[in-house]
Amino acid sequence: MDNGIGIYIHIPFCKSKCYYCDFNSYSGREHLAGSYFDALISEMKNSAASLSERPVKSIFIGGGTPSLVNSKYIASLLEVCSKYFKIEPDAEISMESNPGTLSYESLKAHKAAGVNRLSVGLQAWQDRLLESLGRIHRRRQYVENMEAAFRAGFRNINTDLIFGLPGQTFDDWVETLEAVTAIGCSGRDPGTTLDSGLTHLSCYSLKIEEGTDFGDRLEAGTLIPADDELDRKMYHYTVQYLARKGFRHYEISNFARPGYECRHNLIYWKAQEYAGFGAGAHSYLNHKRYNNVCGIEEYIETVKKTPASGRPDAWNDPAAGTLHENIEHIGRKEAMSEFMILGMRLVDGVRSCEFEERFGVSIREMYGDKLERLVKQGLLIKDRDCSERYRLTTLGLDLANKVFVEFI
């Protein structure tokens, strides 16, 4: 059985907080970067002994905005990973970034440090929409940064997009998709010298969260959300348009050119294990799920107080402070449930042979009645290609939560 893991490293610094964002990120705190990275490296070193025999299939540096901090910090993280963990030779090493925080020089430094996959948060093509989202950049900066990324040698690049935005029209979304898929391919953008195109697109339907600027405005009645019918029209168009452009729809919100599916995210969707480092980072290891404390200062101080021991339980010494929160043991039944819910997000669905290999029981024995009912409702389809598998139908993709709740 595959005992490989992924590593997630959280960089919580942002230039400013976007109006829709509920991630663990903070603006105006960059002065803490030195102390934060010292603590982050200490956490990684102190955890290495318990993970030293686990092959690392992927590293994902997320945030926040990792590209906001000096590239030397990212290089130091990857140096620690290389020294203390068993990184597979072909491991995917991703870094999130925002336009306006990248330069040719920083991109060259990231590439030299080992980053081989870049994820760029564009969100929308129209400057008026970028402004309405509280984004720090405009379209021109995205195009310039993409050009710099290709000149720096990156050939595996994702772009994040959001549809269903307040004030966004269907034509806006069509223009966005056409523009990003043309970059580097048709030369339609004046002044660009890109010699390739995007390999991956993440297209998310906007979800307005409590505690965000958008959430506050929605509650106050000053924000008009997108119409559900328009949201679904945008989604269906995305699936059809990107297929014509050579992108494989492999997860509800994700599209890739063949062979460029995000390997790190596949670890999550296949309910495999991962180690998270940094403020608020989540881990799923040895049948336990937990997260680190979220505040930057609290994280730094907790790590400082913890003696270097190499023992995973050292982080939960009451005398030093508790780094891990919400510790939850994942039993066999809950693990099965998560395998089904996460696996159903994948367009290929869940294979019976994989379920049986992991849990020693057939998928039909555990969920046969539920699966047959969902098939009859037109939400799932049952295939018998190389092994029996169940996957979402087109209707199921729209009503995925109705499918997921069956396995809770």
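Residues numbered from 1 in each chain as written. Predicted model: local features only at pLDDT ≥ 70, side-chain atom pairs only at ≥ 80, totals over all residues. Heavy atoms only, no water.

Our focus in this paragraph is the overall build of the protein. Assigned secondary structure in the protein consists of 15 helices and 17 strands. Its C-alpha atoms give the protein a radius of gyration of 22 Å, near enough to 22 Å, the size a compact globule of 408 residues would have. With respect to the three principal axes, the spread of C-alpha positions in the protein is 60 × 55 × 50 Å. Going through the 408 residues of the protein one by one, you find that 55% of them count as buried. (Helix = DSSP H or I, 4+ residues; strand = E, 2+ residues; numbered from the N terminus. Rg over C-alpha atoms; globule rule 2.2 N^0.38 Å. Buried < 20%, exposed > 50% of the residue type's maximum accessible area, 1.4 Å probe, protein only.)

What you tend to see is this: most non-glycine residues have negative phi, and most peptide bonds are trans. The peptide bond linking Gly 63 to Gly 64 adopts the cis configuration, its omega dihedral lying at 20 degrees. Secondary-structure assignment places Gly 64 in the loop between strand 4 (55-63) and helix 2 (71-84). Positive phi values are uncommon outside glycine, yet Gln 123 reaches one of about 80 degrees. Its place among the elements puts Gln 123 in strand 6 (residues 117-123). Here Gln 123 falls in the buried class, since its relative accessible area comes to 8%. Its identity is not glycine, yet His 287 carries a phi of approximately 65 degrees, on the positive side. Its place among the elements puts His 287 in the loop between strand 12 (282-285) and strand 13 (288-292). A residue is classified by how much of its surface remains accessible, and His 287, at 49% relative accessible area, is partly exposed.

Our next topic: the packing of aromatic side chains. In the structure shown here, the tally under the stated rule is 20 aromatic pairs. Where Tyr 268 meets Tyr 274, the ring centres are 4.8 Å apart and the plane angle is 80 degrees; that geometry is what we call edge-to-face. Assessed through its relative accessible area of 23%, Tyr 268 is described here as partly exposed. Overall, Tyr 274 belongs to the buried group, its relative accessible area being 13%. Seen from their ring centres, Phe 355 and Tyr 367 are 6.1 Å apart, and the 75 degrees between their planes marks the pair as edge-to-face. You can see Phe 355 sitting in helix 12 (residues 352-359) and its partner Tyr 367 sitting in helix 13 (residues 363-376), a full 12 residues away along the chain. By relative accessible area, which is 8% here, Tyr 367 ends up buried. Cluster of aromatic residues (ring-pair linked, three or more members): Phe 13, Tyr 36, Phe 37, Tyr 73 and Tyr 299. Stacked on the ring of Phe 170, the Lys or Arg Lys 233 has its end atom at 4.3 Å from the ring centre. (Phe/Tyr/Trp six-rings, centres within 6.5 Å; stacked < 30°, edge-to-face > 60°. Lys NZ or Arg CZ within 6 Å of the ring centre and 35° of its normal.)

A general feature of soluble globular proteins is that nonpolar side chains tend to end up buried together. Judged by nonpolar contacts, the single largest core of 102 residues is most densely connected at Ile 9, Phe 37, Leu 40, Tyr 142, Tyr 299 and Met 340. Broken down by element, the residue count for this core peaks at nine residues, all from helix 1 (residues 33-51). Residue contacts for Ile 9: discarding those within four places in its chain leaves Leu 40, Met 44, Ile 59, Phe 60, Ile 61, Gly 62, Leu 77, Cys 81 and Phe 277. (Core = buried A, V, L, I, M, F, W, Y, C linked by side-chain atoms within 4.5 Å. Contact = heavy atoms within 4.5 Å.)

Bringing the sheet that holds strand 17 (residues 388-392) into the picture now. In spatial order, the strands read 15-17-16; together these three strands make up an open sheet with antiparallel pairing. Here the strands that pair on one side only, and so sit at the sheet edges, are strand 15 (350-351) and strand 16 (380-384). Relative to strand 17, strand 15 is paired through two bridges, and the arrangement is antiparallel. In the strand pairing of strand 17, Val 350 is matched with Tyr 390. (Pairing = 2+ DSSP bridges.)

Looking now at the confidence of the model for the protein. A residue-level look at the protein finds 93% of positions with pLDDT of 70 or above and a mean pLDDT of 93. Segment residues 186-194 is flagged for pLDDT under 50; beyond a separation of four residues in sequence, or across chains, it makes 20 contacts in the model. (pLDDT = per-residue confidence, 0-100.)

If you trace the backbone, Leu 397 turns up in helix 14 (residues 394-398). Look at Leu 397 and you get buried, because its relative accessible area is 17%. Not counting the four nearest positions on each side in its chain, Leu 397 is found in contact with Arg 232, Tyr 235, His 249, Ile 252 and Leu 392.

This brings us to the environment of Tyr 235. Residue position: Tyr 235 is located in helix 8 (residues 228-244). For Tyr 235, a relative accessible area of 3% translates into the label buried. Counting along the chain gives 72 residues from Tyr 235 to Phe 163, while the straight-line C-alpha distance between them is 7.8 Å. Polar contacts involving the side chain of Tyr 235 include one to the side chain of His 249, which spans 3.5 Å. (Polar contact = N/O pair within 3.5 Å; in protein donor to acceptor, adjacent residues only side chain to side chain.)

Two faces make up the sheet, and in a regular strand the side chains alternate between them. With four bridges joining them, strand 12 and strand 13 adopt antiparallel strand pairing. What sits directly across from Tyr 284, in strand 13, is Arg 289. Between the end of strand 12 and the start of strand 13, which pair antiparallel, lie two residues, with Asn 286 showing a positive phi angle near 50 degrees. Where strand 13 and strand 14 (residues 324-329) come together, four bridges link them in antiparallel fashion. Residue pairing across strands places Lys 288 opposite His 329, the latter belonging to strand 14.

Let's shift gears to the pattern of salt bridges. Counting across every chain of the model gives 23 salt bridges. Here Arg 54 makes a salt bridge to Glu 273, at a shortest N to O gap of 2.9 Å. Of the two residues, Arg 54 is situated in the loop between helix 1 and strand 4 and Glu 273 in the loop between helix 9 (263-269) and strand 11 (274-277); the sequence distance between them amounts to 219 residues. For Arg 248, the salt bridge identified is with Glu 261, shortest N-O distance 3.3 Å. Note that Arg 248 is positioned in strand 9 (residues 248-251) and Glu 261 in the loop between strand 10 (254-256) and helix 9, a separation of 13 residues in sequence. (Salt bridge = Lys/Arg side-chain N within 4 Å of Asp/Glu carboxyl O.)

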